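So you can see what is in the structure, the chains are spelled out below.
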Amino acid sequence: MANRYHQHFTVSWDQLHRDVRELCHRLVERDFKGIVAITRGGLIPAALIARELNVRLIDTVCISSYDHMNQGGLDVLKGVDHDGEGWLLVDDLVDTGKTARKVREMLPKAHFVTVYAKPEGRPLVDQYLTEVAQDCWIQFPWDMGIAYVEPLVDQVKR
Ligand SMILES: O=P(O)(O)OC[C@H]1O[C@H](OP(=O)(O)OP(=O)(O)O)[C@H](O)[C@@H]1O
Ligand SMILES: O=c1[nH]c(=O)c2nc[nH]c2[nH]1
Ligand SMILES: [Mg+2]
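A brief report on the enclosed structure follows. (Residues numbered from 1 in each chain as written. Chains lettered and ligands numbered in written order. Predicted model: local features only at pLDDT ≥ 70, side-chain atom pairs only at ≥ 80, totals over all residues. Heavy atoms only, no water.)

### Re the overall build of the protein
For the protein, the count of helices and strands is 4 helices and 8 strands. Of the regular secondary structure in the protein, the N- to C-terminal order runs β-α-β-α-β-β-β-α-β-β-β-α. Principal-axis analysis of the C-alpha atoms gives the protein an extent of 60 × 35 × 25 Å. Residues classed as buried in the protein amount to 44% of the 158 residues present. Look at the contacts in the protein between residues 6 or more apart in sequence, and 63% of them connect residues 24 or more apart. (Helix = DSSP H or I, 4+ residues; strand = E, 2+ residues; numbered from the N terminus. Buried < 20%, exposed > 50% of the residue type's maximum accessible area, 1.4 Å probe, protein only. Contact = heavy atoms within 4.5 Å.)

In structure tokens, the structure reads:
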């Protein structure tokens, strides 16, 4: 599975924050009962969206599927007891759409947003901010660290 990704799109904390705020401009006129975040990636944008829209009621749908770049079976560890009417459903991204399809079945009436969307999964969300190529792995800031980089001259001439 991992070899279907041929490019990387690296997102910094700052970029993510700006992208989520931009998405919020398109949501601010609507009223939501609360937010349902899809764990774990949806938790971060959900917290930022909650701050911008002044939403205090936050629930989760807990899903386990990818082991880094490899997608396995999809396990729902926790659901919710409603159909999503009036709720904002948030994930960081939609890729193949497998996660989105499952969660849509659980909350068919929710307004579903992601920050990033790849073409296969895009039809499953109501709104997203940025489209990313299907063969591109989005590298999120919570999966990265700051590391020393050797000066070019040492890499090339050593
Ligand atoms: O459209 P799909 O192909 O289903 O992929 C999208 C899902 O994959 C990632 O979650 P992941 O399963 O990696 O778990 P995590 O959110 O806990 O990191 C991402 O946060 C989405 O939820
Ligand atoms: O960090 C991630 N980046 C991605 O592009 C992706 N696709 C599915 N799951 C993903 N997780
Ligand atoms: Mg996820």
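### Notes on the packing of aromatic side chains
Aromatic rings considered in pairs are described by the distance between their centres and by the relative angle of their planes. According to the stated counting rule, one finds 5 aromatic pairs in the structure shown. Ring plane angle 50° and centroid distance 5.9 Å describe the contact between Trp-13 and Trp-142, whose orientation is recorded as tilted. Here Trp-13 is found in helix 1 (residues 13-25), whereas its partner Trp-142 is found in the loop between strand 8 (136-139) and helix 4 (152-157), with 129 residues between them in sequence. For Trp-13, a relative accessible area of 47% translates into the label partly exposed. On the accessibility criterion, Trp-142 (27% relative accessible area) is partly exposed. Taken together, a centroid distance of 6.0 Å and an interplanar angle of 45° make the contact between Tyr-116 and Phe-140 tilted. Within this pair, whereas Tyr-116 is found in strand 6 (residues 111-117), its partner Phe-140 is found in the loop between strand 8 and helix 4, the two being separated by 24 residues in sequence. The same class applies to Tyr-116 as to Phe-140, namely buried. (Phe/Tyr/Trp six-rings, centres within 6.5 Å; stacked < 30°, edge-to-face > 60°.)

### Topic: the pairing of strand 6
Most of strand 6 is tucked away: 7 of the 7 residues are buried. Pairing analysis gives 6 bridges linking strand 5 (residues 87-94) to strand 6, with the strands arranged parallel. Each bridged residue has a counterpart across the sheet, and for Val-94 the counterpart in strand 6 is Ala-117. Two strands pair when backbone bridges link them, and strand 6 and strand 7 (residues 127-131) are joined in this way by 4 bridges, in the parallel orientation. (Pairing = 2+ DSSP bridges.)

### A look at the pattern of salt bridges
Summed over all chains, the structure comprises 12 salt bridges. Residues Arg-26 and Glu-22 are paired through a salt bridge, measuring 3.9 Å at the closest nitrogen-oxygen approach. For Arg-26, a relative accessible area of 44% gives the class partly exposed. The exposure class of Glu-22 is partly exposed, given its relative accessible area of 37%. Salt-bridge contacts for Asp-83 lead to Lys-109; the nearest nitrogen and oxygen are separated by 3.6 Å. (Salt bridge = Lys/Arg side-chain N within 4 Å of Asp/Glu carboxyl O.)

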